[in-house]
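The residues making up each chain are set out below.
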Amino acid sequence: MHLSATGIDLRSDTVTKPSPEMRRAMFEAEVGDDVYGEDPTINRLEAMAAAIFGREAALFVPSGTMGNQIAIKLHTHHGQEVICEERGHVFNYEMAMMAHFSGVVPRTVWAEDGILTWQHVQSKLKTKSYHAAKTGLVTLENTHNMAGGAITPPGIFNEVCDQVHAAGLPVHLDGARIFNASVALGIPVAQLTAKADTVMFCLSKGLGAPVGSLLVGSAELMDRGRIYRKALGGGMRQAGILAAAGLIALQQGPQKLKQDHANARLLAEGLAQIPGIKIDPSKVQTNILICDISGTGITSTELSRKLAQRNVLANGVSPQIIRFVTHLDVSREQCEQALDIIASTCGAQAQRA
Ligand SMILES: *Cc1c(COP(=O)(O)O)cnc(C)c1O
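The following paragraphs examine the structure supplied in this document. Since this is a predicted model, take the numbers as computed values, not measurements. (Residues numbered from 1 in each chain as written. Predicted model: local features only at pLDDT ≥ 70, side-chain atom pairs only at ≥ 80, totals over all residues. Heavy atoms only, no water.)

## Topic: the packing of aromatic side chains
- Evaluated as defined, the whole model comprises 4 aromatic pairs.
- Taking the centre distance of 5.7 Å and the plane angle of 90° together, the rings of Phe53 and Phe179 count as edge-to-face. Linking Phe53 in helix H2 (residues 40–53) with Phe179 in helix H8 (residues 178–185), this pair joins segments that are 126 residues apart in sequence.
- Accessibility expressed as a relative area gives 7% for Phe179, which makes it buried.
- Both rings, one in Phe53 and one in Phe201, keep their centres 4.7 Å apart while their planes meet at 20°; by these two values the pair is stacked. Of this pair, Phe53 sits in helix H2 while Phe201 sits in strand S7 (residues 198–202), and the two are 148 residues apart along the sequence. Both residues of the pair, Phe53 and Phe201, belong to the buried class. (Phe/Tyr/Trp six-rings, centres within 6.5 Å; stacked < 30°, edge-to-face > 60°. Helix = DSSP H or I, 4+ residues; strand = E, 2+ residues; numbered from the N terminus. Buried < 20%, exposed > 50% of the residue type's maximum accessible area, 1.4 Å probe, protein only.)

## Quick look at the site of the ligand
- Surrounding the ligand, one finds 13 residues, the nearest of these being Gly64, Thr65, Asp174, Arg177 and Lys205.
- Here Gly64 contributes a backbone N or O atom positioned 2.8 Å from an oxygen atom of the ligand.
- Note that a nitrogen atom of the ligand is positioned 2.6 Å from one of the side-chain N or O atoms of Asp174.
- Notes on the ligand: free accessible area 380 Å², of which the protein chains cover 84%.
- Counting residues per element, the shell around the ligand draws most heavily on helix H3 (residues 64–75), which supplies 3 residues.
- The class makeup of the residues in the shell around the ligand is 2 nonpolar, 6 polar and 5 charged. (Near = heavy atom within 4 Å. Polar contact = N/O pair within 3.5 Å; in protein donor to acceptor, adjacent residues only side chain to side chain. Areas by Shrake-Rupley, 256 points an atom, 1.4 Å probe, with all protein chains shown as cover. Nonpolar A, V, L, I, M, F, W, Y, C, P; charged D, E, K, R; others polar.)

## Some remarks on the sheet that holds strand S3 (residues 81–85)
- In space, the 7 strands of this open sheet follow the order S2-S8-S7-S6-S5-S3-S4, with mixed pairing throughout. With partners counted over all chains shown, the strands left at the sheet margins are strand S2 (57–61) and strand S4 (105–109), one partner each. This sheet shows a mean twist of 20° between the axes of neighbouring strands, independent of strand direction.
- Lying over the sheet, H2 contacts S2, S7 and strand S8 (213–217), oriented at roughly 130° with respect to S2. (Pairing = 2+ DSSP bridges. Axes fitted to C-alpha atoms, helices over the stretch in contact; angles between N-to-C directions. Contact = heavy atoms within 4.5 Å.)

## Some points on the packing of H2 against helix H11 (residues 240–252)
- Direction vectors running N to C along H2 and H11 enclose 30°, while the axes themselves pass 8 Å from each other. Classified by the angle between their axes, H2 and H11 sit roughly parallel to one another. Relative to H11, the crossing made by H2 is left-handed. Contact with H2, carried on its side by Thr41, Ile42, Arg44, Leu45, Met48, Ala49 and Ile52, involves Gly240, Ala243, Ala244, Gly246, Leu247, Leu250 and Gln251 of H11 and no other residues of that element.
- For the contact of H2 with H11, the residue count by class is 9 nonpolar, 4 polar and 1 charged. (Parallel < 35°, antiparallel > 145°, perpendicular 65-115°, else oblique. Left-handed = near helix turned anticlockwise from the far one by under 90°.)

## Focus on the packing of helix H1 (residues 20–28) against H11
- Look at H1 against H11: their axes get within 7 Å of each other, and the N-to-C directions meet at 140°. Looking at the two axes, H1 sits oblique to H11. H1 and H11 meet at a crossing whose hand is right-handed. Contacts between H1 and H11 involve Glu21, Met22, Ala25 and Met26 from the first element and Ile241, Leu242, Ala244, Ala245, Ile248, Ala249 and Gln252 from the second.
- Partitioning the contact of H1 with H11 into residue classes produces 9 nonpolar, 1 polar and 1 charged.

Here is the structure:
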């Protein structure tokens, strides 16, 4: 889809473009061959990520999907199950790679707002049996993308980790947007994620980098992870060019997320006023809005097509559900404009119906 210069792109926070400062840093980046461990900019980025998360090591990967799938491979054996939330990214949007690459099957459980509690996990957790596959790993997602950017309360997260560890199993956190949770809660990511065995987070979303994610954890796990990264084709060479933008995203990105959250709240309050659109603004804690538009009488495909004609972009999740995501490259004014356009588009539809 083409976007004009004045378009308002609310499809995802992945659409952010690198800032002039990032482009300058990329231009000037010191580089080497990262497969040999010789790219100084990558090494700096990995060291900074490890320090921020209070871990021994970090591994730069081209995408969040690769980070999650390396983690699943690290923690599991073929023939096991991975417990995850039903709408989770690792299950729905990673091309069945957990089956393809790690030979494991997802054991899903639906949880209110995507927040897996120990009760949910316990109901699906299986230890050794001669009848059923054993659980190999529990994955959590914070914030939860398809549950409207919902934050897992730290107490719930810590309890799941403690109990899963007591059962002798590891926990991986898909923290693609963990900085959104951290900023919204006012709790550092190191504290928020301390109990997970591995954490993946994205530089390429709200933090604003053009490419890249990191996996953090123990030195031993990251060292083995490096082998799987190479196997998956993720051994990049002079990738310091990417890490240079990543360093800026990691240092300056988090403090900018507050504005995205305020913009999302503004959008939510406006959308809740539009007849036919269902959303509870009090549940919008971060930068993602999931709206039920069944009351408008049109499908999300049709609504996004009509909005695109007026330069507002949004992605349908299902025929009844549409998602809006705020980020660095949409201003408060643009959110207000988008609201007017969505309201008049839905209003015109209501008049015809
Ligand atoms: C975006 C995202 C990922 C990783 O996506 P990539 O496009 O592979 O970088 C993982 N988990 C969640 C929850 C996400 O939103």
